[in-house]
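Overview (structure and organization)
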Amino acid sequence: MFDLYGRGWQMLEGGFVTIQLCLSVLPFMIIIGLLGASAKLSSFRVLRVIGESYTVIIRGIPELLVILLIYFGGTIAIQNLAEWLSGEETRVDIPAFWSGVAALALVQGAFASEVFRAAMQSIPVGQIEAATACGMTPRQIFLRIKLPQLWRFALPGLNNLFQVLIKDTALISVVGVEEIMRKAAIGAGTEKAPFTFYLVAMLMFLAFTTISLFVFNRLEKRAARGIARA
C-alpha cells in the first residue's frame, strides 16, 4: 500500500514547494495583519472603514475563489497595464506560485488583522496612558510599548492561522502549482492508486502541522516566561 511506484522523490518535491508557500506567505500575512489591525483601531474614520471592509469582504469569499480571481484577474490587469504603457499588444503571465502566495496572504492577512487587533486591545491601557503622559508620540508608543508585547498576545492566534495556512496550500494546486496535493493527484491518476498517494499526502500534511504546532508552542512558552514568573 505504501509503494509509491518510484514517485517518492516527487512527493518530497511537492512537500518542499508546500513549505516554500507557507514561508513565503507568512511575512506578508503578518504585515497585512498589522496594517489591517492598525487601520481598524485608527482614530481616522476612513481607515477604520477600509480595514473593516477588507476583512468583511475577504472573510466572506471562498479562498479558492480568491486564488482564481487573483491568478486570472491579475494576469488580465497587468497585461492591460503593460499594453497601455507600451502602446502595443503584450502577453504577460503571472507565475502561479506567486499568485497563490498573494491570494493566501490576502486571505490569511484578513484573519491575522483580527488576531493583532485583539492583541493590541489586550495591552493594558494604563501603559499607553503612561507613555502618552511621558510625551511619547503614537509612533513611539507603537514601536516601544505595543509591538514588543504584541507577539505574546498574538502568538496563540497566529499558531492557529499557520495550521490553517499549511492546509490551505492544497488549494493552490488548482492553478498548477505542484505542491503536495498536485503531486498526489498526478501520481494517483498515473499509477491508478489514489488511496496510496492521498494517504501519503495526508501523512505529510499531518507531519508539517505537528512540527509547526510544536514550534509555535515553544515560542508561546518562551514569550510568556517572564509573565509566568511574575
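Quantities reported herein were computed from a predicted structural model and do not represent experimental measurements. (Residues numbered from 1 in each chain as written. Predicted model: local features only at pLDDT ≥ 70, side-chain atom pairs only at ≥ 80, totals over all residues. Heavy atoms only, no water.)

**Structural notes on the packing of aromatic side chains**
Scanning the entire structure with this criterion turns up four aromatic pairs. An angle of 75 degrees between the planes, with centres 4.9 Å apart, marks the rings of Tyr-71 and Phe-72 as edge-to-face. Measuring from ring centre to ring centre gives 5.2 Å for Phe-97 and Trp-98, while their planes differ by 80 degrees; the resulting arrangement is edge-to-face. Taking the relative accessible area as the measure of exposure, Phe-97 reaches 19% and is therefore buried. Residue placement shows Arg-152 over the ring face of Phe-153; its charged tip is 4.3 Å from the ring centre. (Phe/Tyr/Trp six-rings, centres within 6.5 Å; stacked < 30°, edge-to-face > 60°. Buried < 20%, exposed > 50% of the residue type's maximum accessible area, 1.4 Å probe, protein only. Lys NZ or Arg CZ within 6 Å of the ring centre and 35° of its normal.)

**What to know about the UniProt feature "transmembrane region" (unreviewed entry) in the chain**
Taken from the UniProt record, the annotation "transmembrane region" (unreviewed entry) applies to residues 15–35, 56–82, 94–112, 153–175 and 195–216. With 70% helix and 0% strand, residues 153–175 has end C-alpha atoms that lie 36 Å from one another. Measuring from the first to the last C-alpha atom of residues 195–216 gives 31 Å, for a span that is 100% helix and 0% strand. (UniProt positions renumbered as here; feature names shortened; annotations may be inferred. Helix = DSSP H or I, 4+ residues; strand = E, 2+ residues; numbered from the N terminus.)

**Let's talk about helix H7 (residues 180–191)**
For H7, spanning 12 residues, the distance from its first C-alpha to its last is 16 Å, which sits close to the expected 16 Å at 1.5 Å a residue. Listing the buried residues of H7 in full gives Ile-180, Lys-183, Ala-184, Gly-187 and Ala-188. Buried positions in H7, seen along its axis, are confined to an arc of 130 degrees and lie on one side of it. Looking at the buried positions of H7, the neighbouring elements they touch are helix H1 (8–40) and helix H8 (194–223). A distance of 2.9 Å separates the backbone nitrogen of Met-181 from a side-chain oxygen at the start of H7, and that oxygen is part of Glu-179. Downstream of H7 by a residue or two, Lys-192 has a phi angle that is positive, lying close to 55 degrees. (Expected span 1.5 Å × (residues − 1). Arc of directions from axis to C-beta. Contact = heavy atoms within 4.5 Å. Polar contact = N/O pair within 3.5 Å; in protein donor to acceptor, adjacent residues only side chain to side chain.)

**A closer look at unusual backbone geometry**
Leaving glycine aside, a negative phi is the common case for residues, and trans is the common case for peptide bonds. One non-glycine residue, Lys-192, adopts positive backbone phi at about 55 degrees. With respect to the element layout, Lys-192 can be found in the loop between H7 and H8.

**A word on the pattern of salt bridges**
All chains considered together, the criterion is met by six salt bridges. Here Glu-13 and Lys-183 are joined by a salt bridge, their closest N and O atoms 3.7 Å apart. Of this pair, Glu-13 sits in helix H1 while Lys-183 sits in helix H7; the two residues are 170 residues apart in sequence, bridging distant segments of the chain. Taking the relative accessible area as the measure of exposure, Glu-13 reaches 45% and is therefore partly exposed. In this structure, the salt-bridge partner of Arg-59 is Glu-114, at a minimum N-O distance of 3.9 Å. One end of the pair, Arg-59, is in helix H2 (residues 45–59); the other, Glu-114, is in helix H4 (residues 96–122), with 55 residues separating them in the sequence. Using a relative accessible area of 44% as the deciding quantity, one classes Arg-59 as partly exposed. Residues joined by salt bridges that share partners form a network here, namely Lys-40, Arg-59, Glu-114 and Arg-117. (Salt bridge = Lys/Arg side-chain N within 4 Å of Asp/Glu carboxyl O.)

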